[in-house]
Amino acid sequence: MQEYKPKPREVAGELLESYLLEQKLRPGDRLPSERDLSKAWGLSRSTLRSALARMEKNGLLCAKRGSGSYLTPPKYTRHLQGLQSLSQSAAEQGRVVTTRLLSIKRVECDKNLARHFNRTLGYLLYKIVRLRRLDGEPVMLETAYIPTERVGNLEKKNLETGSLFKVLEKEYGLIPKKGEEKIGITYATADEAELMGIREDAPLFWIVSQTYDQWGRLMEYCHTAARPDRLRIASVLERRDPATEERRRRPNAK
């Protein structure tokens with residue numbers, strides 16, 4: 001059997017990962033130059049550059065032109081279980097969230113929004129566009145729609161400090177109780193790229209969510225473009241007993 005020999009790029013990747021651990025580098029720390037690393041490890045510059053590019057693509061490093069490569073913070077983990085705001089879940093992970101309100105205005109329902117809110121065309125909604133940063137770096141661009149009749153004068157509230165859900169609960173008595181979320185892939189437009197500091201057409205998570213209040217009414221419809229190099233999506237899988245599932249679907253069955 002032929003002995004497996006790792007490719008030079010794989011060797012370079014292992015050396016880089018070991019270096020990060022051994023040197024106990026922290027987010028924001030700079031790596032030695034490509035020239036110094038390639039000389040120390042006996043690698044070609046092109047091989048090392050390929051390994052660095054892969055680590056950058058995976059969100060472990062950030063390359064700054066003319067400056068070098070820097071260690072990035074760990075990805076923020078968005079859990080699909082539970083119904084937490086970004087502010088709440090990020091705080092639990094020791095991350096700092098800041099928000100920039102890009103716009104808030106009243107718009108009329110188009111066919112898609114009218115279908116989601118079960119309303120007629122022209123039904124008024126607030127359209128709220130916010131840029132969300134984690135530890136100072138832009139990560140998400142959120143566009144939320146909320147019925148104006150339920151949140152009068154929302155434009156006068158502070159939507160840049162803290163959670164939008166907190167504002168809805170404290171000021172209007174709307175408590176998020178249930179939600180649905182669908183996740184896909186999209187590509188950054190020119191505007192999204194500029195706001196999030198990425199290249200145009202870079203891949204992004206496309207997250208569409210619906211949140212329902214304590215009365216079962218849709219209180220927010222939201223779509224989010226998020227950077228996959230700064231965000232991971234996690235879920236907990238649990239095996240269910242078929243008999244229990246059948247009883248849950250048919251509660252009156254004996």
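These numbers were taken from a predicted model, which means no experiment stands behind them. (Residues numbered from 1 in each chain as written. Predicted model: local features only at pLDDT ≥ 70, side-chain atom pairs only at ≥ 80, totals over all residues. Heavy atoms only, no water.)

Enquirer: So what about the sheet that holds strand β8 (residues 203-212)? Which residues, and what values?
Expert: Here we have six strands laid out as an open sheet, ordered β4-β5-β6-β9-β8-β7, and antiparallel in their pairing. A strand with exactly one partner marks an edge of an open sheet, and here the two such strands are β4 (97-108) and β7 (178-187). Adjacent strand axes in the sheet meet at a mean angle of 15 degrees when their direction is disregarded. Relative to β8, β7 is paired through ten bridges, and the arrangement is antiparallel. Across the sheet, residue Tyr 187 finds its bridge partner in β8, namely Pro 203. (Pairing = 2+ DSSP bridges. Helix = DSSP H or I, 4+ residues; strand = E, 2+ residues; numbered from the N terminus. Axes fitted to C-alpha atoms, helices over the stretch in contact; angles between N-to-C directions.)

Enquirer: Give me the lowdown on the nonpolar core, citing residues and values where you can.
Expert: In terms of nonpolar packing, the biggest core is built from 15 residues, with Ile 146, Val 151, Leu 154 and Leu 168 touching the most fellow members. Sorting the residues of this core by element identifies β5 (124-134), β6 (137-147), α6 (164-172) and β9 (218-226) as the ones contributing at least two each. With five residues, α6 is the largest single contributor of residues to this core. Dropping the residues within four chain positions of it, Leu 154 is found in contact with Ile 104, Tyr 126, Ile 128, Ile 146, Leu 159, Val 167 and Tyr 172. (Core = buried A, V, L, I, M, F, W, Y, C linked by side-chain atoms within 4.5 Å. Buried < 20%, exposed > 50% of the residue type's maximum accessible area, 1.4 Å probe, protein only. Contact = heavy atoms within 4.5 Å.)

Enquirer: Could you give an account of unusual backbone geometry, naming the residues involved and the relevant values?
Expert: The phi dihedral of Asp 135 is positive, around 50 degrees, even though this residue is not glycine. Phi angles above zero are rare outside glycine, and Asp 201 is one such case at about 75 degrees. You can see Asp 201 is positioned in the loop between α7 (190-196) and β8. Here Asp 201 falls in the partly exposed class, since its relative accessible area comes to 48%.

Enquirer: Before we move on, can you summarise empty space enclosed by the protein with the specific residues and values?
Expert: On inspection of all chains with the given rule, the structure shows two cavities of 30 Å³ or more. Space inside the largest cavity adds up to approximately 50 Å³. Reported here for the second largest cavity is a volume of approximately 30 Å³. Lining the second largest cavity, in full, are Ile 128, Arg 130, Glu 142, Ala 144, Leu 164 and Glu 220. Only β5 and β6 provide two or more residues apiece to the lining of the second largest cavity. Its residues placed into classes, the lining of the second largest cavity shows three nonpolar, no polar and three charged. (1 Å grid on protein atoms, 1.4 Å probe; cavity = no way out; pocket = protein on both sides within 12 Å on 5 of 7 lines; lining within 4 Å. Points joined across faces, edges and corners; volume = space filled by probe spheres on them. Nonpolar A, V, L, I, M, F, W, Y, C, P; charged D, E, K, R; others polar.)

Enquirer: Explain the pattern of salt bridges residue by residue, including any values.
Expert: Close approach of charged atoms allows side chains with opposite charge to pair. In this structure the tally under the stated criterion is 13 salt bridges. Taking the shortest distance from any N to any O, the salt bridge between Glu 149 and Arg 119 comes out at 3.2 Å. With Glu 149 in the loop between β6 and α6 and Arg 119 in the loop between α5 (111-117) and β5, the pair connects residues that are 30 residues apart, well separated along the chain. Residue class for Arg 119 comes out partly exposed when judged on its relative accessible area of 41%. Between Arg 150 and Asp 213 there is a salt bridge whose closest N-O contact spans 2.3 Å. Of this pair, Arg 150 sits in the loop between β6 and α6 while Asp 213 sits in the loop between β8 and β9, and the two are 63 residues apart along the sequence. (Salt bridge = Lys/Arg side-chain N within 4 Å of Asp/Glu carboxyl O.)

Enquirer: Any chance you could break down the packing of helix α1 (residues 8-22) against helix α3 (residues 45-57) for me, citing the residues and the numbers?
Expert: Interhelical geometry of α1 versus α3 gives an angle of 60 degrees and a closest axis separation of 8 Å. By crossing handedness, the relation of α1 to α3 is classed as right-handed. Each of Pro 8, Arg 9, Ala 12, Gly 13, Leu 16, Glu 17 and Leu 20 in α1 lies in contact with α3, whose residues at this interface are Thr 47, Leu 48, Ser 50, Ala 51, Leu 52, Arg 54 and Met 55. Among the residues making up the contact of α1 with α3, the classes are represented as eight nonpolar, three polar and three charged. (Left-handed = near helix turned anticlockwise from the far one by under 90°.)

Enquirer: Any chance you could break down a negative patch on the surface for me, citing the residues and the numbers?
Expert: A grouping of Asp 191, Glu 194, Glu 200 and Asp 201 is seen on the molecular surface, where their side chains present a negatively charged patch. Residue placement: Glu 194 occurs in helix α7. (Patch = residues over 30% accessible without salt bridge, like charges linked within 9 Å, V, L, I, M, F, W, Y side chains within 5 Å. Areas by Shrake-Rupley, 256 points an atom, 1.4 Å probe, with all protein chains shown as cover. Lys, Arg positive; Asp, Glu negative; His and termini not counted. Charge placed at Lys NZ, Arg CZ, Asp CG, Glu CD.)

Enquirer: Describe the packing of helix α2 (residues 34-41) against α3, listing the residues and the values that go with them.
Expert: Interaxial distance between α2 and α3 falls to 9 Å at its minimum, and their mutual angle equals 115 degrees. Classed by the angle they form, the pair α2 and α3 counts as roughly perpendicular. For the pair α2 and α3, the crossing hand works out as right-handed. Contacts between α2 and α3 involve Glu 34, Arg 35, Leu 37, Ser 38 and Trp 41 from the first element and Arg 45, Leu 48, Arg 49 and Leu 52 from the second. Classifying every residue of the contact of α2 with α3 gives four nonpolar, one polar and four charged. (Parallel < 35°, antiparallel > 145°, perpendicular 65-115°, else oblique.)

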